[in-house]
Amino acid sequence: MGRFYITTPIYYVNDAPHVGHAYSTVNADAMARWHRLVGDDVKFLTGTDEHGQKVADAAEKNGLTPQEWTDRTSARFREAWDALGISYDDFIRTTEPRHYESVQKFLTAIYENGYIYKDVYKGLYCVSCEDYYTVEASIDGNCPIHGRPLTEMEEENWFFRLSAFEDKLLEYYDRHPGFVTPETKRNEAYSFIKGGLRDISITRSSISWGVPVPWDEKHVFYVWYDALINYMTAIGYGRADNEVEDWWPFSHHLIGKEIIRFHCVWWPAMCMAAGLEPPSHVQVHGWLLVGGQKLSKTMAQEGGVKLTDIAPVVLTNEFGVDPIRYYLLREAVLGNDGEFSHEGITARYNTDLANNLGNLVARVATVVGSKCSGLGPTPRADSSLRVEAETAIRDTAAAWDRFAPQSALEATWGLIGATNSYLERLAPWKMEPGPEVDAVMGDALEAIRLVTILATPAMPGVCDEIWHRIGLSGSPIDHSFQQIAIWGLYPGGSVEKGDPLFPRIKSES
RNA sequence: GGCGGCGUAGCUCAGGUGGUCAGAGCACACGGCUCAUAAUCGUGUUGUCGCGGGUUCGAGUCCCGCCGCCGCUACCA
């Protein structure tokens, strides 16, 4: 039994939850469910990032205090995750007292270790943005957003000695080949480090909506710097309820590719500076893109639109929770960009879910009803399906273990296909009731039982439902994978037909 | 500009270290079946593997050039 601490990024509350967030979160959820299934001690963390000037501004615009504003916006994420069946163990908000406490302890440790110093930050400042730009980012010295002249500004700030960790980080990467996956993203981070690291300013004195610097109350920590520490807050760093040793460094950060630098450069360096091991693994995923004018006319302008306008709730209302989860996990390879489209969801739904899985369950239930009096028989130990099942079990498990949900589901669906084929070959519906039919249907039911176990990290709701329909009590997750993902354990039971699990979606064109 | 990646069947994509590597799924065609959600099963078609050279007995697979697309290039969550 191992330990598995998995995190999503904490989402910035000024965004409304969209499919991009859901993509990260559903993948993390499936991984968490998989590891619970195999008996690991799991902690699954998600949450919201609530500091920074933009939040303060948004609050003011809405006539609320920052805290009131974030109370409201953070709740939207919880609602979205509840709707998607996200089984998080902890939902962190960076405005919580526990976070302030941990951040201050963590940064004090870095400070006392000599990696934080005071200096003057000089930069080109845009008054409208209230933000700094580099020379390269500016357009002829003007703000790229407002087009107004940038002014040279100086601000006294606390700096993190990131430059001190160049060699240590490279060494860590060299010694931990799997630190960042997939490898292309690892290389990106690696070459960034190799290109030389500059110290970063980590505090602001111009704003107040943040965690105060304990040794200099005029400053608050810059949002990203406090945000990353949420991974420590959730395991009680520096507090009475400290369980860092239980969960660190058995950590897996699932992140989108846009925040690689923070998680693959800053964060491990911060951990080192605080005297901790860096996280053990950062899994980077790509983006889902909308290539054509599939989802809405307003998105048709340009190809490759990011999915910022698509609310998870809209999708779950239309297709159901499990189908959306399935689609998000199955369609794209984790780490690559993928296509997201209404047609894509419909195609997956109809072929994989309705035609393959749903129909298999339905046809088996019908034949058991007519040929076995509705009583599911037990499987044969020497069934030819057994080989297919064992292959699926092995491949599915291996894929989940290496953060490859797409591959895991593909392997599981191999067993569904094999079972449909098996039924076709033996045609039990042509047989007279008796031992022969019983044997075939017992095998099919056993395959279905195994499928519900293998697919439960992706579609917990539907898997529970199938589990019940084949006469089993409880849920696939009631026992450890190692004990139940074995051919031959289906004890028989009363099989219920029920309504179609996934009614086909008729094309509307 | 620098570094890196991509371009393989109509579609989405697999293809460590060169020799059944020309593949999978979807779509499509034909045939079977009729238990099942007009579902399912079997068989099959489709490709100059971006373009042009080169190395090699042999190259999607290595090298050079070109075309097209994309990512990163520091304080934006």
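Rules used in this analysis
- Residues numbered from 1 in each chain as written.
- Chains lettered and ligands numbered in written order.
- Predicted model: local features only at pLDDT ≥ 70, side-chain atom pairs only at ≥ 80, totals over all residues.
- Heavy atoms only, no water.
- Pairing = 2+ DSSP bridges.
- Helix = DSSP H or I, 4+ residues; strand = E, 2+ residues; numbered from the N terminus.
- pLDDT = per-residue confidence, 0-100.
- Contact = heavy atoms within 4.5 Å.
- Axes fitted to C-alpha atoms, helices over the stretch in contact; angles between N-to-C directions.
- Parallel < 35°, antiparallel > 145°, perpendicular 65-115°, else oblique.
- Left-handed = near helix turned anticlockwise from the far one by under 90°.
- Nonpolar A, V, L, I, M, F, W, Y, C, P; charged D, E, K, R; others polar.
- Buried < 20%, exposed > 50% of the residue type's maximum accessible area, 1.4 Å probe, protein only.
- Polar contact = N/O pair within 3.5 Å; in protein donor to acceptor, adjacent residues only side chain to side chain.
- Expected span 1.5 Å × (residues − 1).
- Arc of directions from axis to C-beta.
- Salt bridge = Lys/Arg side-chain N within 4 Å of Asp/Glu carboxyl O.

Points about the sheet that holds strand S10 (residues 212-213)
With antiparallel pairing, the 3 strands of this open sheet are ordered in space as S9-S11-S10. The sheet is open, and its two edges are formed by strand S9 (203-204) and S10, each paired on a single side. Note that S9 and strand S11 (residues 216-221) share 2 bridges and pair antiparallel. Bridging across to S11, Thr 203 finds its partner in Phe 221.

Observations regarding the confidence of the model for chain A
Across chain A, the average pLDDT comes to 88, with 90% of residues at 70 or higher. For residues 292-306, every residue scores under 50 in pLDDT, and the model assigns this stretch 21 contacts once sequence neighbours within four places are set aside.

Topic: the packing of helix H16 (residues 435-455) against helix H17 (residues 460-469)
In contact at an axis separation of 9 Å, H16 and H17 are set at 160° when each is read in the N-to-C sense. Comparing the axis directions of H16 and H17 gives the class roughly antiparallel. Crossing angle aside, the handedness with which H16 passes H17 is left-handed. Contact residues: Ile 448, Arg 449, Thr 452, Ile 453 and Ala 455 in H16; Cys 463, Ile 466 and Trp 467 in H17.

Quick word on the packing of helix H13 (residues 342-371) against helix H15 (residues 405-426)
Axis separation between H13 and H15 bottoms out at 10 Å; the angle between their running directions is 45°. Of the possible angle classes, the one that applies to H13 and H15 is oblique. Of the two possible hands of crossing, H13 and H15 adopt the one that is left-handed. Contacts between H13 and H15 involve Asp 352, Leu 353, Asn 356, Leu 357, Leu 360, Arg 363 and Val 364 from the former and Trp 413, Ile 416, Thr 419, Asn 420, Leu 423 and Glu 424 from the latter. Here the residues of the contact of H13 with H15 are counted per class, giving 7 nonpolar, 3 polar and 3 charged.

Digging into the side chain of Thr 95
Mapped onto the fold, Thr 95 is located in the loop between strand S3 (90-93) and helix H4 (97-112). Given a relative accessible area of 11%, Thr 95 falls into the buried group. Of the polar contacts made by the side chain of Thr 95, one reaches the side chain of Glu 50; its length is 2.6 Å. Only 3.5 Å separates the side chain of Thr 95 from the side chain of Gln 67, close enough to count as a polar contact. What Thr 95 contacts, discounting residues up to four positions off in sequence, is Glu 50, His 51, Gln 67, Thr 70, Tyr 100 and Trp 209.

Some words on the sheet that holds strand S1 (residues 3-12)
Read from one edge to the other, the open sheet built from 6 strands follows the order S3-S2-S1-S12-S13-S7, with strand pairing classed as parallel. Each having just a single partner strand, S3 and strand S7 (180-181) make up the two edges of the open sheet. Examined bridge by bridge, strand S12 (residues 251-256) and strand S13 (residues 281-285) share 5 bridges and lie parallel to one another. Paired with His 253 across the two strands is Val 282, which belongs to S13. Contacts from helix H1 (residues 19-37) reach S1, strand S2 (41-49), S12 and S13, with the element oriented near 165° to S1.

With respect to the environment of Leu 409
Position of Leu 409 among the secondary structure elements: in helix H15. With 10 residues separating them in the primary sequence, Leu 409 and Ala 399 have C-alpha atoms 8.6 Å apart. Those residues within four positions of Leu 409 in sequence are excluded, and the remaining contacts are Tyr 326, Leu 329, Arg 330, Trp 400 and Ala 458.

As for helix H6 (residues 183-194)
For H6, built from 12 residues, the straight-helix expectation of 16 Å at 1.5 Å per residue is met to within 8% by its first-to-last C-alpha distance of 16 Å. Lys 185, Arg 186, Ala 189, Tyr 190 and Ile 193 are the residues of H6 that are buried. The buried residues of H6 occupy one face: seen down the axis, they fall within an arc of 135°. In this structure, H6 carries Thr 184 and Lys 194 as exposed residues pointing more than 90 degrees from its buried face.

A few points about the pattern of salt bridges
Under the defined criterion, the tally for this structure stands at 22 salt bridges. The partner of Arg 98 in a salt bridge is Asp 90, with the nearest N and O atoms 2.9 Å apart. Overall, Asp 90 belongs to the buried group, its relative accessible area being 15%. A salt bridge links Glu 465 to Arg 469; its shortest N-O distance comes to 2.7 Å. Of this pair, Glu 465 and Arg 469 both sit in helix H17, separated by 4 residues, roughly a single helical turn. When its relative accessible area of 32% is taken as the criterion, Glu 465 is described as partly exposed. A residue is classified by how much of its surface remains accessible, and Arg 469, at 8% relative accessible area, is buried. Linked through salt bridges whose partners overlap, the residues forming this network are Lys 118, Glu 156, Asp 216 and Lys 218.

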